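Coordinate inspection notes
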Amino acid sequence: MSRPACRTCCRSTTGGSSPSTNTTDGSTTAAPSLHNSVKSGTFQAQEKELVFDIDMTDYDDVRRCCSSADICNKCWTLMTIAIRILDRALYEDFGFQHRLWVYSGRRGVHCWVCDESARKLSQAERSAVAEYLTVVKGGEETIKKVQLSDPIHPLIRKSLKIIERYFEEYALLGQDILENKQCWDKVLSLVPEAVRENLLRDFQKARSSVDRWERLKKSLGPLELKKGANSAKEIMLQYCYPRLDINVSKGVNHLLKSPFSVHPKTGRISVPIDVRKLESFDPFAVPTISMMCSELDNVSTIEEDQADANEGEPDVKRRTRDYKRTSLAPYVKTFEQFLDKLDQSRKGEMLLKSDLKKEF
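Residues numbered from 1 in each chain as written. Predicted model: local features only at pLDDT ≥ 70, side-chain atom pairs only at ≥ 80, totals over all residues. Heavy atoms only, no water.

All right, on to the environment of P32 then. Within the secondary structure layout, P32 lies in the loop between β3 (28-29) and β4 (43-45). Judged by its relative accessible area of 55%, P32 falls in the exposed class. Note: C-alpha distance between P32 and Q44 (twelve residues apart in sequence) is 9.9 Å. (Helix = DSSP H or I, 4+ residues; strand = E, 2+ residues; numbered from the N terminus. Buried < 20%, exposed > 50% of the residue type's maximum accessible area, 1.4 Å probe, protein only.)

Okay, structure coming up:
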């Protein structure tokens, strides 16, 4: 299975003795296989998809169920929230139409933005997009990683609406972030000192994380009106907002695992995610390479007879049908639908350019 047609092009910025083609700007192009034949530093990528990498390990300071490379259905909600927030922002705030979300095969998700405008972004422009989408900032030593100012930016306001849909079920019930004093202290470190002592007493009287969260919001109310603070919102963002690896997004030379590749440690296949069915996506139900082999080996006798009857067909045509007999089929369908829309868009752009040039 091929990767989602990366239109990455490479160009040598100076001439050379290797086979090349002159361009209108005076530079030359060269085939990637000839990268060793051009002067060092002159072989540069001209196009690449805008990509995002979200790794569950970056949430280790706020998730209680798992740590490191481990994931479970409880903390996978963080990936669901991340996809909802970023997909909305990429579409509504930047106008990107062609966004492919892919499960990494182990502990995170990738996003491939394949619009022509996205592919041609410079490194500075890619960095600007990534910075715009970054809200949680600071390393392990930073206690408070979200600082809001008034008025709240539309990106954050819309992101909070998404987080609010999941916060009680995920954070207060699933992760139980206010279960005991150790958890309380972690959350209380994110609120103004003026209310910490009162909140500590209130938390001791409460019986659940949901009750404690309501008491926290009630205590912060008068303070927020006075000082314009947004502590409750900052806590929600710190615990749930997507955490991006900016270096992956801003560079044109950084590689991501191709869709449909096999993760070497889990054996799971890196599959596209249908955002329309995001809530039902289960990373543990993703096909593995051993499952695929077993499914192909267990083809029924009838199917084998039908294959024998079609021996005259080209090998390639016969091979393209194999995946339909496996659990990989729905994921390939999602991928093909994405490519079809991308191809239709490209044809439409070519027709528009042709009309503008009056090339009939």
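Okay, the packing of helix α5 (residues 181-188) against helix α6 (residues 193-205) next. Running from N to C, α5 and α6 cross one another at 150 degrees; their axes reach a closest spacing of 11 Å. Judged by the angle between their axes, α5 and α6 are roughly antiparallel. The interaxial crossing formed by α5 with α6 has right-handed handedness. Listed contacts from α6 to K181, W184 and L188 of α5 are R196, L199, L200, F203 and Q204. Here the residues of the contact of α5 with α6 sort into five nonpolar, one polar and two charged. (Axes fitted to C-alpha atoms, helices over the stretch in contact; angles between N-to-C directions. Parallel < 35°, antiparallel > 145°, perpendicular 65-115°, else oblique. Left-handed = near helix turned anticlockwise from the far one by under 90°. Contact = heavy atoms within 4.5 Å. Nonpolar A, V, L, I, M, F, W, Y, C, P; charged D, E, K, R; others polar.)

The subject of this paragraph is the confidence of the model for the chain. Of the residues in the chain, 82% reach a pLDDT of 70 or more, and the chain-wide mean stands at 85. Segment residues 1-9 is flagged for pLDDT under 50; beyond a separation of four residues in sequence, or across chains, it makes 26 contacts in the model. (pLDDT = per-residue confidence, 0-100.)

Turning next to the pairing of strand β5 (residues 50-55). Burial analysis of β5 places six of its six residues in the buried class, which makes it a mostly covered element. Alternating residues of β5 divide into L50, F52 and I54 and V51, D53 and D55, and every residue in both groups is buried. By the bridge criterion, six bridges tie β5 to strand β7 (residues 108-113) in an arrangement that is antiparallel. Residue pairing for β7: I54 is matched across the bridge by V109. (Pairing = 2+ DSSP bridges.)

By the burial criterion, the buried members of α5 are C183, W184, V187 and L188. Axial view of α5: buried residues confined to an arc of 130 degrees, hence all on one face. (Arc of directions from axis to C-beta.)

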